[in-house]
Amino acid sequence: MEVSLKNQVAIITGASSGIGTGIAKSIAEAGATVIINHSSEKSLENAQEVLKEITDAGGNGITYQCDVSKEDEVIKMFKDVIEKFGTVDILINNAGIQKDAKFTEMTLDDWNAVMNVNLTGHFLCSREAIKEFLRRGIDTSRSVACGKIIHISSVHEVIPWAGHANYAASKGAIKMLMQTLAQEYGPDKIRVNSIGPGAIQTPINKAAWETKDALNSLLELIPYNRIGQPKDIGNLAAFLASDLADYISGASIFVDGGMTSLESFADNG
Ligand code: NAD
């Protein structure tokens, strides 16, 4: 049994760091051409390093700058990628940010910034991807499905998170966006799923793992007793995008070392 994404083209948003990088590497290892999306000039160097690691390992890809919260930029990214590679088979909506604040101190700017990237970005990219999937139709030399979308959500799609109302609200909303798209486009053979990471060691949550004390208190929330790595998410993303997962659609799969299984009740609460 082989997880193969040969002959396919995948856009991975926010792939110049963290989980997005892990996903880009796994998807490239499975044989797809990867579009390593990054948001600004500042992240170009990181994106180029990711591309170099992928091509050094025998994979294919390009970097592409696009702010996923901007409609014109997203439309242009899909247009350019389709012109260059013929089509897009896989979209991984990974880009996401946090702007944490106590709720009564949360500004409208904090709220909008998170919604614009974490939710509107997923909407814009998914819309352009689905248009392209439908235009191309099914091509069984690529995949038995017409197209695949994977949203990177969070355990906070089900676990409330005090001090992070904007982030938790955006991740809860992704669940309904994902399930609605799976329902609306299932008959067209487009599969849509979410991966909900637990604590993965990336720049977004550095404060939670950079000191021994912080890491120890984080590990109390993780029954499997280790912090996750970007590859843990990449492995599932490659499988979910492949035809081995052809009967999986509309699902949120948590990759969290058991975090959502409520470790705090292990000793009877
Ligand atoms: P990260 O900060 O390393 O990565 C986020 C990426 O998104 C960065 O590459 C950033 O440049 C990119 N990005 C931000 N705004 C963008 C925009 N407007 N357009 C395009 N790209 C943009 O953090 P990460 O941990 O790798 O996060 C990736 C995803 O995983 C996020 O959606 C995050 O919410 C989710 N997540 C992470 C964890 C974790 O523990 N690290 C847990 C649950 C969910």
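Relevant structure appears above.
Along every chain, residues carry numbers that run from 1 in the direction the sequence is written. Totals for whole chains, interfaces and linings use all residues, but because this is a predicted model, local features are given only for residues with pLDDT of at least 70 and pairs of side-chain atoms are given and counted only at 80 or more. Calculated side-chain values reflect all of the structure's heavy atoms, with hydrogen atoms and water omitted.

## Quick notes on the site of the ligand
Okay, so step 1: In the vicinity of the ligand, 28 residues are found, and the nearest of them are Ser17, Ile19, Asp67, Tyr167 and Thr202.
Okay, so step 2: Gly14 is positioned such that a nitrogen or oxygen atom in its backbone is 3.3 Å from an oxygen atom of the ligand.
Okay, so step 3: For the ligand, a nitrogen atom lies 3.0 Å from a polar atom in the backbone of Val68.
Okay, so step 4: The method behind every accessible area is Shrake-Rupley, applied with a 1.4 Å probe, and residues are considered shielded solely by the protein chains displayed. Its free accessible area being 820 Å², the ligand has 90% of it covered by the protein chains. Near is defined per residue: the residue qualifies when any heavy atom it owns lies within 4 Å of the molecule or strand. N or O atoms closer than or at 3.5 Å make up a polar contact, with two conditions inside protein: a donor-capable atom paired with an acceptor-capable one, and, for residues adjacent in sequence, both atoms drawn from side chains.

## Observations concerning the side chain of Ser143
Okay, so step 1: A run of DSSP states H or I qualifies as a helix once it reaches four residues; a run of E qualifies as a strand once it reaches two. Both are numbered from the N-terminal end. Within the secondary structure, Ser143 is located in the loop between α4 (108-136) and β5 (147-152).
Okay, so step 2: Among the polar contacts made by the side chain of Ser143, one reaches the main-chain amide nitrogen of Ala145 at a distance of 3.1 Å.
Okay, so step 3: Note on contacts: a residue pair qualifies if any of its non-hydrogen atoms lie within 4.5 Å across the two residues. In this structure, Ser143 is in contact with Gln8, Ile138, Lys148 and Asp243, ignoring residues within four places of it in sequence.

## Details of the pairing of β5
Okay, so step 1: Exposed residues in this analysis have more than 50% of their type's maximum accessible area, buried residues have under 20%, and partly exposed residues fall in between, with area computed by a 1.4 Å probe over protein chains only. With six of six residues buried, β5 lies mostly within the body of the structure.
Okay, so step 2: Judged by which residues are buried, β5 turns out to be covered on both faces: Gly147, Ile149 and His151 on one side and Lys148, Ile150 and Ile152 on the other are all buried.
Okay, so step 3: DSSP bridges decide pairing: two strands pair if at least two such bridges lie between them. Summarising the sheet, strand β4 (residues 90-93) and β5 pair through four bridges and their orientation is parallel. In the strand pairing of β5, Leu91 is matched with Ile149.
Okay, so step 4: Here a crossover is taken to be right-handed if, once the strands point away from the viewer, the path from the first strand over the helix to the second is traced clockwise. Handedness of the crossover is the feature at issue here: the chain leaves β4, passes through α4, returns alongside β5, and the resulting connection is right-handed.
Okay, so step 5: Examined bridge by bridge, β5 and strand β6 (residues 190-197) share six bridges and lie parallel to one another. By the bridge assignment, Lys148 is partnered in β6 with Arg191.

## Observations concerning the sheet that holds strand β2 (residues 33-38)
Okay, so step 1: If you walk across this open sheet you meet the seven strands as β3-β2-β1-β4-β5-β6-β7, and the pairing is parallel. Of all the strands in the sheet, the pair left with one neighbour each is β3 (60-65) and β7 (252-255). Strand-to-strand twist in this sheet, taken as the mean axis angle between neighbours without regard to direction, amounts to 20°.
Okay, so step 2: A fitted line through C-alpha atoms serves as each axis, taken over the contacting stretch for helices, and the angle formed by two N-to-C directions is quoted from 0 to 180°. Against the sheet, helix α1 (residues 18-29) contacts β1 (9-12), β2, β4, β5 and β6, and its axis sits at roughly 175° relative to β1.

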